[in-house]
Amino acid sequence: MEEQKRSCELEKMGCGGCSMLSLSYEKQLKKKQKRLEKLLGKFGKVQPVIGMENPWHYRNKVISTFTRGEGKRLQSGIYAQGTHRVIPVERCFLHQPALDKAVEAVRKAAADCKYQPYDEDRRTGLIRHVLVRHSLTTDEVMAVLVTASPILPGSKAFVKKIREFCPNITTIVQNINPRSTSAVLGDKEKILYGKGYITDSLCGVKFRIAPSSFYQVNPKQTEILYQKAIEAAGLNGKQTVLDAYCGVGTIGLTAAKHAKSVLGVELNQSAVRCAVENAKENHLGNARFLCGDATRFIQKLATRGEHMDVVFMDPPRAGSTPEFLQAVSRMRPKKLVYISCNPETLQRDLEILVKQRWKVEWIQGVDLFPMTEHCECIAKLTYCDDKRK
Ligand code: SAH
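Residues numbered from 1 in each chain as written. Predicted model: local features only at pLDDT ≥ 70, side-chain atom pairs only at ≥ 80, totals over all residues. Heavy atoms only, no water.

1. Description of the overall build of the protein
So, point 1. Along the protein, the regular secondary structure elements total ten helices and 17 strands.
So, point 2. In summary, the protein has a C-alpha radius of gyration of 22 Å against a globular reference of 21 Å for 389 residues, a match within 12%.
So, point 3. With the C-alpha coordinates of the protein rotated into their principal frame, the extents come out at 70 × 50 × 35 Å.
So, point 4. By the burial criterion, 55% of the 389 residues in the protein qualify as buried.
So, point 5. Restricting to contacts in the protein with at least 6 residues of sequence separation, those with at least 24 account for 68%.
So, point 6. For the protein, the accessible area works out to roughly 18,500 Å², and carbon and sulfur atoms hold 51% of it. (Helix = DSSP H or I, 4+ residues; strand = E, 2+ residues; numbered from the N terminus. Rg over C-alpha atoms; globule rule 2.2 N^0.38 Å. Buried < 20%, exposed > 50% of the residue type's maximum accessible area, 1.4 Å probe, protein only. Contact = heavy atoms within 4.5 Å. Areas by Shrake-Rupley, 256 points an atom, 1.4 Å probe, with all protein chains shown as cover.)

If you want it as structure tokens, here you go:
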């Protein structure tokens, strides 16, 4: 009853971004479990979704878009679903509180410096978005101001004001995005203050995170996710491991402590640079990272007849490609651990793998995104012909 009352109150003040806000957390988990069973149950056992003890304030990243509010006041918030209309958001129950404070500081500093919000239709104005990341383990905060053009007048005063309003911010970056696509970040960056990255730890490994790197948004649940993935791989210090779609190397480096060697592949160059630095910083000399398309890379490995004992794959929402799956089957690792943020594309890809004689041992949901429809999951697969499991 209490929870329901709270949900109703939240929904009234909500921005519409959280589709499950009106359900109790228990009901949300049940709904997610049912969806996973419906989509994936035919492949193997779907273990109960692992939820959070406290499903609030879990997000470590926010993107807030600038707009002109009442009385021409500079405001920022999120796009209303399916539109480019900005709903002002000052506070969110899903964000780490440090994020909202940082966004407010950037907004106030930008208003003081008279920066004009970018208008997509007229293509006028300067500032488009602010992206803020927070590290739960180091408490570092990164603020990235996305501008439509490279010149930021009075940038020194801007930085000084942000630091005054929010001393927690340890680095400030300007990202330049002149394009009119829906991508938030552009390709060019200028460090205005600090190191240009923040550091976080997961499962005892330190990670450097750059503005454009993919990094899971719920650090507490991510640790559980990675532990389960490592458990699925059954690492004992002797295996060779491929970490495909590796981002800043989070899964591979967590696995490196329990493996003979790790090879990671990732498309985003700055994420690969971070992964290489992360390996050095953690003294994990048995891990290497390369920049490239995961499909082409694994096809090359398979053609060369190279073997891997374990393959972790963690593709984006669109899932993997039939060619990648074909190549992984040719390589025949003893274990394939598929980590997915989209059960629909996981279903499509498992369908292909099962036809290629893979067996799904189990599927495990981990709720990384309470209050939303999304659910992360892991599938553990072994090769049918392989008696050495
Ligand atoms: N394993 C990482 C990242 C997973 S997100 C983690 O847990 O944090 C998916 C990653 O795949 C992103 O970093 C994205 O940049 C990368 N990616 C997208 N398409 C790719 C491709 N074709 N080849 C390699 N990596 C790709």
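2. With respect to the UniProt feature "active site" (unreviewed entry) in the protein
So, point 1. Under the feature "active site" (unreviewed entry), the UniProt entry names Cys341.
So, point 2. Within the fold, Cys341 resides in the loop between β15 (335-340) and α10 (343-355). (UniProt positions renumbered as here; feature names shortened; annotations may be inferred.)

3. Quick word on the side chain of Thr65
So, point 1. Following the sequence through the fold, Thr65 ends up in strand β2 (residues 61-68).
So, point 2. Residue Thr65 is classed as buried on the basis of its relative accessible area, which comes to 6%.
So, point 3. A polar contact is formed between the side chain of Thr65 and the side chain of His129, at a distance of 2.9 Å.
So, point 4. Residues contacting Thr65, with those up to four places away along its chain left out, are Gln75, Ser76, Gly77, Tyr79, Val86, Arg128 and His129. (Polar contact = N/O pair within 3.5 Å; in protein donor to acceptor, adjacent residues only side chain to side chain.)

4. Some words on the site of the ligand
So, point 1. Near the ligand there are 15 residues, and of these Tyr226, Glu266, Asp293, Ala294 and Asp314 occur at the shortest range.
So, point 2. At 2.6 Å, a side-chain N or O of Glu266 approaches an oxygen atom of the ligand.
So, point 3. Protein chains shield 87% of the accessible area of the ligand, which is 570 Å² for the free molecule.
So, point 4. Residue composition of the shell around the ligand, grouped by class: eight nonpolar, four polar and three charged. (Near = heavy atom within 4 Å. Nonpolar A, V, L, I, M, F, W, Y, C, P; charged D, E, K, R; others polar.)

5. Regarding the packing of helix α9 (residues 322-331) against α10
So, point 1. Relative orientation of the contacting elements α9 and α10 amounts to 35°, with a least axis distance of 10 Å. Along this stretch, α9 crosses α10, giving a crossing that reads as right-handed. Together, Pro322, Leu325, Val328 and Ser329 of α9 and Asp349, Ile352 and Leu353 of α10 make up the contact between the two elements.
So, point 2. Broken down by class, the residue content of the contact of α9 with α10 amounts to five nonpolar, one polar and one charged. (Axes fitted to C-alpha atoms, helices over the stretch in contact; angles between N-to-C directions. Left-handed = near helix turned anticlockwise from the far one by under 90°.)

6. A word on unusual backbone geometry
Comment: phi is negative for the bulk of residues other than glycine, and the bulk of peptide bonds are trans.
So, point 1. For Lys72, which is not glycine, the phi torsion reads 65° and is therefore positive.
So, point 2. Positive phi outside glycine occurs at Asp139, with the angle close to 65°.
So, point 3. The class of Asp139 is partly exposed, set by a relative accessible area of 42%.

7. Overview of the side chain of His129
So, point 1. With respect to the secondary-structure elements, His129 resides in strand β5 (residues 127-134).
So, point 2. Overall, His129 belongs to the buried group, its relative accessible area being 6%.
So, point 3. Leave out the neighbours within four places in its chain, and His129 touches Ile63, Ser64, Thr65, Phe66, Tyr79, Val144, Leu145, Val146 and Val184.

8. Comments concerning the pairing of β2
So, point 1. Relative to β5, β2 runs antiparallel, the two sharing five bridges. Bridge pairing in β5 links Val62 to Val132.
So, point 2. Bridge count for β2 against strand β3 (residues 74-79) is four bridges, and the pairing is antiparallel. Residue pairing for β3: Thr65 is matched across the bridge by Gly77.
So, point 3. Counting the residues between successive antiparallel strands, the hairpin from β2 to β3 contains five residues, one of them, Gly71, with a positive phi of roughly 60°. (Pairing = 2+ DSSP bridges.)

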